[in-house]
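Observations on the three-dimensional arrangement
Chain residues, written in single-letter form:
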Amino acid sequence: MKDTARVVVIGGGVVGVSTLYHLAKRGWSDVVLLERTELTAGSTWHAAGLLPLFNMSYSVGQLHQYSVELYKKLEAETGQAVGFHPTGNLRLATNRDRLDEYRNYQCTAETIGVECHLIGVDEIKSLWPLINPDGLLGALWHPTDGHIAPVDVTMALAKGARANGGTIYQQTQVDGIERDGNEWLVKTSKGTIRCEHVVCATGNYARQTARMVGLQIPVIPVEHQYIVTDVDPVLKAYRESGAKELPILRESDSQYYFREERMGWILGPYERGAPACFVDGVPSTFEKDLFPGALERLMPHVEGCINRVPSFQNAGIKDIVNGPISYSPDGNPMVGPAFGLPNFWLSEAHSFGVTAAGGAGWQLANWMVDGEPSVDMTGVDPRRFGVTSKHFAKIKNEEAYEHVFFNHFPMEERPAGRPAKTPPIYDRLDKAGAVWGHRFGWERPNWFAPAGVERKDIYSFRRSNWFEHVGNEVRTMREQVGLLELSSFAKYEVEGPGAREWLDRMVANAIPKGIGRMSLAHALNPSGSVRSEFTITRMTDGLYGERFYLVGPGAGHDYDLDFLQKTLPRNGSVFLKDVTTQYGVLVLAGPDARKVLEKLADADISNAAFPWLTMRDIPIGYCPSVRALRVNFVGSLGWELHHPIEYQVHLYEALMAAGAEFDIGLVGMRAMDSMRLEKSYRLWGTDLNAENSLLEAGLNRFVRLNKGEFAGREALVRQQADGVPNTYCTIEIDADDADSFGNEPVFMDGQVVGRGTAGGYAHFVKKSLMLGYVKTEHAEIGRECQVRLMGELRPARIVAESPYDPENAALRA
C-alpha cells in the first residue's frame, strides 16, 4: 500500500468512489480510496428515480441533474453497464396544494434545464394503464427520468477512476486520523498514509469517523423499508403484451414510491415512526446486515398503494428490506469543508445516495482543485447547522425522514427539536403573540398574531393567513416605529496591528478609517462571486492595536467563522473573537425611532451628531454601553442596538414603554423580508451566492479595484473588461393570489433569460416583487417579461432598483 498520497478518500460507496473519479478526472492522479470491506453502492438500496427532487434546495437540484447526465455518459466512457432504465417518473397529485407544489417544482426545473410537464388525468391513464385514477387531479411528469443500479454505477465510477490514475484499497479499515504539521496521517489496518487532503464519505459511520478528528456532525441513520413482491399476474400480462416498463410512480399524499421489479413491484414508503439507528455508532458486529421488517408500520402505505394500483394486492410479499439510510437534520447531504479542520472534507448524509453522488463528487473535486465550487453549495454546506448534538440530530433526522413526501411549502417551519437557542426576551415575545420560526438553531418571530388570532401558520404556495398581519407590521415600521429582535446576527471582534491589512486583503471594499465609521464589505471567491458579507465598523483602538466589529448573517455563523479562523495570520498580528452570544440585537426603526430613543439614550442622537452609516457606544436606560449602529435591513430611519445580552430584558421593556405614546409595534422576520424586497436589498445565501459575481449583483459601489490585492479582484477586472453576463434586477409581477418565492424563471420571447433569487409581496408599495438575475442584454429597466407563478406565465417588467424611497431619504432622516 502507498504511504503517501495527495488525497485519501475514506468510504467505498458510490459517494466516495464518485469523489475519487472526479479528482482523478481533474488531474489529481495521486488519490487513494480506502474501503473497510468491498466496493458497493454504500447500501442495499435500489434507485427509484434520479432527477432532482425539487422539494430540496437549488444546490441539491443541480447536483442531481449533473448526476443524471454523468450516469448516461458513464457506460460509453468506461464500458461498464450502469443499468439505467429510462422509464420516466410520475408524481401524482390528489389536492390543490400538491399541484401547487408541482407547479413550484416546475419553476425550479426550468431554471436548471430539466424537462417536466404538468399533465391531466387522461394523460396519467395513458402513461400508466394499470392505475386507478379516482381522486387524482393531475401529475408532474419527468419523461427523461428513470431508475438505475447503484452497484453498477459504483463499479463504473471505480473503473473510470482507476483509468485516470486513482487507487482503490479494499478490505482496509481506517483506525485513526491525526494531524502532523501541515499534513494528515490516516492510520489503517494495512499501514499509515500521509496526505494533504482527507475526504470522509463513510455513510452510516459518519459520526464515528468525524469523532476521530474531534468533529461533531449531525449525521445519524434512520431505518428505511421497502417491499419486494412476487410476480403480479396483471403486470405480467400487460408486459407480455408488448408494453414498455411503466414509469416510476410517486404518490406523495400516501407517502410512497412504486416501480416494477421483475414482473413484480417495489413499494418504498416513508412511514411515520421510522426510528433512528446507530445513534451511538455502528456496532462492530454489523456489516451490511439488515433489520427485521416492520410490516405494521408499512400497512397504511400498502393500503394506499392497493387503492391506487389494484393489482398490487394480488402480488405476494417476497421480502421486506429494512436497512439504515444516512440522514441530516434537513434531509440534505453535507458536502464541503469541515469546520475548523484544514483540508478535511465531508460528503456525508446522502439519504438519496446515487441520486446526488455524481454531483457531489463533481463539486467536491472542483472545490479542492479550484478553491471554490462552480455551483452554489450553500444548501449542502456541512457548516449550515447551528445545532449538531447527537440528541438533536436523532430527533431532527427522524423528522426529516418522515417529511420526505410531505408537502414542502416555501415557508415551512418544522417543529422537532425546538426551541434550541432563544434570546432572553423569548417569553415576552411569546406572550406578545410571536409565531416562531428558526434559523441556525435560533428562534425568531416570523410574525405576531394579534389578540383573537390563532398563533399558527397555515402553509400554502399562495398568500396565506399571515399576509394581512405582516402587512400591518410593515406599515407600523414604515409609518410609526417598530422593534425587531435579531440577536441571531453573527458578531466578531477583530483587533491587532495587522487587523486592517488582513481585512483589506480579505474584502473588496475599503476598510473604514474613522472611529465609528462603517462599510458593507464582501469576501469573494476566486471567481469574484460572493463568499461572505460583513458590516465592518471601526471601533476605538484596543490594547493590541486597531479594533473592528464585524456583523454577518446569523445563518452563516459557522461558515464565516471557519473562513475567518482559517485565513487568520499565523504571526500573532491579529486577534479574532466570536462575540455572537455575548451581544443581543434589537432593531428600532421607523419615522419615530429617534423620538423613542431620545427618551432613553444618554447621548445626542440628532442627525448631525449621529449620521447614517455610523456607530457610537452610548448608554441606553440601565445599560452603560450599547453599540448603536445607524444601519438596518428595512430601509427606514433606525438603529441596530447591539447590547450586552444580560441587559436585553431591560432594554426591551424600556423601549416598549418609551414607544407606547408613538404606538410602537413588534415586527417579525416576514415583515423585514417584505421591506428589504422593496428596497432591493440583497440577502446573503440567495441573492448573493457562489454563482454570481459582485458586479453581476450590481454592488459595484462596494468594490475598490484600485486599493490593492484582494481575493477575486483579478476575476472582477476580467469581467469588467469582457462584460458582465448577468444583471441583478428588480421585477414587478402582475400577480394574483401568489407571489414569487425565488427560483422562478424569467421569460422573454419564449426563452428563459433569468432566474429569481427572492420574491414576495412588498406591502408598503403594494407590489408583488421578485429579485434575481437576468442576462445583461435583456436587463433594461422598463423591459417587459413574464414570470411563471403557479403554472401561469404572469406579465412582469423590470423596474428601477428600490421601489421604496430610492433616494434613501428615510434612512438619512
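Within each chain, residues carry numbers counting from 1 in the order of the written sequence. Given that the model is predicted, a residue must reach a pLDDT of at least 70 before its local features are reported, and side-chain atom pairs must reach 80 or more before they are shown or counted; all residues, however, enter totals for whole chains, interfaces and linings. Heavy atoms from the whole structure form the basis of all side-chain values; hydrogens and water molecules are not counted.

1. Comments concerning the environment of histidine 469
Runs of H or I in DSSP of at least four residues are treated as helices and runs of E of at least two as strands, each being numbered from the N terminus. With respect to the element layout, histidine 469 can be found in helix H12 (residues 467–479). Burial here depends on accessible area, computed with a 1.4 Å probe over protein chains only, as a share of the maximum for the residue type. Under 20% is buried, over 50% is exposed, and the range in between is partly exposed. Exposure remark for histidine 469: the relative accessible area of 11% places this residue in the buried category. Residue contacts are defined here by distance: any two heavy atoms, one from each residue, within 4.5 Å place the two residues in contact. Setting aside chain neighbours within four positions, we find histidine 469 in contact with Trp447, Phe448, Pro450 and Val453.

2. Considerations on the sheet that holds strand S21 (residues 518–524)
Strands were regarded as paired on the criterion that DSSP finds at least two bridges between them. In spatial order, the strands read S21-S22-S23-S20-S24; together these five strands make up an open sheet with antiparallel pairing. Edge positions in the open sheet fall to S21 and strand S24 (575–578), since each of these has one partner strand only. Strand-to-strand twist across the sheet, computed as the mean angle between neighbouring axes with direction ignored, equals 30°. Direction of pairing for strand S20 (residues 490–495) relative to strand S23 (residues 545–552): antiparallel, over a ladder of six bridges. From the neighbouring strand, alanine 490 faces S23, where its bridge partner is glycine 552. Under this scheme, a helix contributes an axis fitted over its contacting stretch, all axes are lines through C-alpha atoms, and angles between N-to-C directions fall in the 0 to 180 degree range.

3. Regarding the side chain of glutamate 485
Secondary-structure assignment places glutamate 485 in strand S19 (residues 482–485). Counted as positive: Lys and Arg. Counted as negative: Asp and Glu. His and the chain ends are not counted at all. By definition, a salt bridge exists where a carboxyl oxygen of Asp or Glu is found within 4 Å of a side-chain nitrogen of Lys or Arg. This buried residue, glutamate 485, is left without a salt bridge; arginine 444 holds the nearest opposite charge, at 7.5 Å. A polar contact of 2.3 Å, which involves the side chain of glutamate 485, links it to the side chain of serine 487. Polar contact criterion, stated in full: a pair of N or O atoms within 3.5 Å, where within protein one must be able to donate a hydrogen and the other to accept it, and residues adjacent in sequence count only if both atoms are side-chain atoms. A distance of 3.2 Å separates the side chain of glutamate 485 from the side chain of glutamine 648, its partner in a polar contact.

4. What about the sheet that holds strand S5 (residues 138–142)?
Strand order in the open sheet formed by eight strands is S4-S5-S3-S11-S12-S13-S10-S14, and the pairing between neighbours is mixed. Two strands bound the open sheet, and with one partner strand each, they are strand S4 (117–119) and strand S14 (317–325). Across the sheet, the axes of successive neighbouring strands diverge by a mean angle of 20°, strand direction being ignored. Running over the sheet, helix H3 (residues 96–112) touches strand S3 (89–93), S4 and S5 and is turned about 140° from S3. Helix H10 (residues 390–402) contacts strand S10 (222–229) and strand S13 (264–269) of the sheet and is inclined by roughly 30° relative to S10.

5. Topic: the pairing of strand S9 (residues 191–200)
Here is the key point about a regular strand: its side chains alternate between the two faces of the sheet. Bridging between strand S1 (residues 4–10) and S9 involves six bridges; their strand directions are parallel. Its bridge partner being in S9, alanine 5 is matched across the sheet by cysteine 195. Note: strand S8 (residues 183–188) against S9, five bridges, orientation antiparallel. Across the sheet, tryptophan 184 pairs through a bridge with cysteine 195, a residue of S9. Following S8, the chain reverses through two residues before pairing antiparallel with S9.

6. Overview of the nonpolar core
In terms of nonpolar packing, the biggest core is built from 41 residues, with Val7, Val153, Leu157 and Met368 touching the most fellow members. Where this core is concerned, the elements lending two or more residues are S1, helix H1 (14–25), strand S2 (31–34), helix H2 (58–78), helix H5 (150–163) and helix H9 (354–370). Of all the elements, H9 adds the most residues to this core, at eight residues. Once residues within four sequence positions are removed from consideration, methionine 368 is found in contact with Val7, Leu23, Trp28, His197, Val199 and Trp345. We define the nonpolar core as a collection of buried residues of types Ala, Val, Leu, Ile, Met, Phe, Trp, Tyr and Cys that are connected through side-chain atoms lying within 4.5 Å of one another. Counting residues in each nonpolar core, the second largest holds 33 residues, with Leu429, Ala601, Leu651 and Ala654 among its members.

7. As for the pattern of salt bridges
All told, the structure shown has 53 salt bridges when counted by the stated rule. In this structure, lysine 394 and glutamate 398 form a salt bridge, with 3.2 Å as the shortest nitrogen-oxygen distance. Taken together, the residues lysine 394 and glutamate 398, both in helix H10 and four residues apart, mark about one turn of the helix. Classification of lysine 394 as partly exposed rests on a relative accessible area of 31%. The salt bridge involving lysine 767 is made with glutamate 732; its shortest N-O contact spans 3.5 Å.

8. Comments concerning a nonpolar patch on the surface
The residues that make up patches have over 30% relative accessible area and no salt bridge, and they are joined within 9 Å when like-charged or within 5 Å when they are Val, Leu, Ile, Met, Phe, Trp or Tyr. Here the open area of atoms and residues is found with the Shrake-Rupley method and a 1.4 Å probe, where only the protein chains shown may cover a residue. Side chains of Leu295, Met299 and Ile317 sit close together on the surface and give an oily, nonpolar patch of about 220 Å² of accessible area. Assignment of secondary structure puts isoleucine 317 in strand S14.

9. Focus on the packing of aromatic side chains
Between 30 and 60 degrees the pair is tilted, below 30 it is stacked and above 60 it is edge-to-face, where a pair is any two Phe, Tyr or Trp rings, Trp via its six-membered ring, whose centres lie within 6.5 Å. For the structure shown, the criterion picks out 30 aromatic pairs. Here the aromatic rings of phenylalanine 258 and tryptophan 265 are separated by 4.5 Å at their centres, their planes lie at 20°, and the arrangement is stacked. An identical accessibility class is assigned to phenylalanine 258 and tryptophan 265; each is buried. Ring centres of tyrosine 728 and tyrosine 773 lie 5.2 Å apart, and the angle between their planes is 70°; this geometry places the pair in the edge-to-face category.

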